[in-house]
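The residues making up each chain are set out below.
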Amino acid sequence: MTWTANSCLVTLAILFLWRVEEIAEACSCSPAHPQQAFCNSDVVIRARLVGEQEVEVGNDIYGNPIKRIKYDIKQIKMFKGPNQVIDAIYTAPSSAVCGVTLQTNGKEYLITGKLEADGTVHITLCDFIEPWEATSETQKRSLTQRYEMGCDCKITRCTSIPCMISSPKECLWLDWVLEKTVSGEQAKHFACIKRSDDSCAWYRGAAPPKKDFLDIEDP
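Scope of this entry: the structure provided in the associated data block. (Residues numbered from 1 in each chain as written. Predicted model: local features only at pLDDT ≥ 70, side-chain atom pairs only at ≥ 80, totals over all residues. Heavy atoms only, no water.)

Okay, the pattern of salt bridges next. For the structure on display, the rule yields 11 salt bridges. The shortest N-O distance in the salt bridge between Lys194 and Asp152 comes to 3.6 Å. Placement of the pair is Lys194 in strand S9 (residues 191–194) and Asp152 in the loop between helix H4 (146–149) and strand S7 (154–157), with a sequence separation of 42 residues. Within the structure, one salt-bridge network assembled from shared partners comprises Arg46, Arg48 and Glu108. (Salt bridge = Lys/Arg side-chain N within 4 Å of Asp/Glu carboxyl O. Helix = DSSP H or I, 4+ residues; strand = E, 2+ residues; numbered from the N terminus.)

Structure, rendered in structure tokens:
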């Protein structure tokens, strides 16, 4: 085999490994508490999915078409986002590159996503997307006020014991170490809210927190 052929094979191998690494890294993300997902997202909506199709949204640097899955939706309520009705969301065509597979038989979802410069909404596996029926009553109430009240707070996920916070403006998220799930009690029933002394604490209650609350409250 000639030197040129060997060189080409090495180049192809490097390009292949680079693409594999790119794909592997593309969907790397840490679990987020629903409040974090709310605060970090451009768009948070409740929507019913009514259709699905594969579309081309442009070309990559090599001239190949970029394909996306377009979900047609009927927006039911917007909790956060632009002053416009969202009628479609886009995602990658494969879970290997963070694409999200959703049911389009009229199923309702709570969807968080990113608003692109062209006004389209894109979602990935790193976003918080949950069937509306699986969303707790506390989460539903928190979408309208509580989560936004805690966006200046930091939620720190504990992955192993011991773990601790480094600032009074943090709330320690213990679901994983206590229940081995990121959808535990704190995710389902608590919000991290700023208190009157500027520190943050977990809150659980039927009504919005009082401005001077100093500890966790429970109905």
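The subject of this paragraph is the nonpolar core. Counting residues in hydrophobic clusters, the biggest one holds 16 residues, and the most contacted among them are Ile73, Ile89, Leu102 and Ile111. Contributions of two or more residues to this core are made by strand S1 (43–59), strand S2 (65–80) and strand S4 (108–115). In terms of residue count, S1 provides more of this core than any other element does, 4 residues in total. Core analysis: the next-biggest nonpolar cluster, separate from the first, contains 12 residues, Ala37, Leu110, Ala191 and Tyr203 among them. (Core = buried A, V, L, I, M, F, W, Y, C linked by side-chain atoms within 4.5 Å. Buried < 20%, exposed > 50% of the residue type's maximum accessible area, 1.4 Å probe, protein only.)

A covalent bond between the sulfur atoms of two cysteines is referred to as a disulfide. Tallying each qualifying case throughout the model produces 6 disulfides. There is a disulfide in this structure between Cys29 and Cys126, and the S-S distance comes to 2.1 Å. Where Cys29 bonds to Cys126 through sulfur, the torsion about that S-S bond is close to -95°, and the disulfide is left-handed. Taken as a pair, Cys29 in the loop between helix H1 (3–26) and helix H2 (34–40) and Cys126 in the loop between strand S5 (121–122) and strand S6 (129–131) lie far apart in primary sequence, 97 residues in all. With its sulfur 2.1 Å from that of its partner, Cys39 forms a disulfide with Cys151. Measuring handedness by torsion sign, the sulfur bridge of Cys39 and Cys151 sits at about -90° and is left-handed. You can see Cys39 sitting in helix H2 and its partner Cys151 sitting in the loop between H4 and S7, a full 112 residues away along the chain. (Disulfide = S-S within 2.5 Å.)

Attention now goes to the environment of Ser28. Of note, Ser28 is situated in the loop between H1 and H2. Ser28 sits 70 residues away from Cys98 along the chain, and the two C-alpha atoms are 8.6 Å apart.

Glancing now at unusual backbone geometry. That bond from Ile161 to Pro162 is cis: its omega, 0°, falls within 30 degrees of zero. With respect to the secondary-structure elements, Pro162 resides in the loop between S7 and strand S8 (170–173). A positive phi angle, near 55°, is found at Lys180, a position not held by glycine. Looking at where Lys180 falls in the secondary structure, it is placed in the loop between helix H5 (175–179) and helix H6 (185–189). What makes Lys180 exposed here is its relative accessible area of 57%.

Throughout the structure, instances matching the rule amount to 2 aromatic pairs. Seen in terms of ring centroids, Phe79 and Trp132 are 6.1 Å apart; in terms of plane orientation they differ by 15°. Their pairing is stacked. With Phe79 in strand S2 and Trp132 in the loop between S6 and helix H3 (137–142), the pair connects residues that are 53 residues apart, well separated along the chain. Here the guanidinium or amino end of Lys80 rests over the ring plane of Phe38, the centre of that ring lying 5.3 Å away. (Phe/Tyr/Trp six-rings, centres within 6.5 Å; stacked < 30°, edge-to-face > 60°. Lys NZ or Arg CZ within 6 Å of the ring centre and 35° of its normal.)

The subject of this paragraph is the pairing of S8. With burial as the criterion, each face of S8 is covered, one bearing Glu170 and Leu172 and the other bearing Cys171 and Trp173. Bridge count between S7 and S8: 4 bridges; the pairing is parallel. Bridge pairing in S8 links Ile155 to Cys171. (Pairing = 2+ DSSP bridges.)

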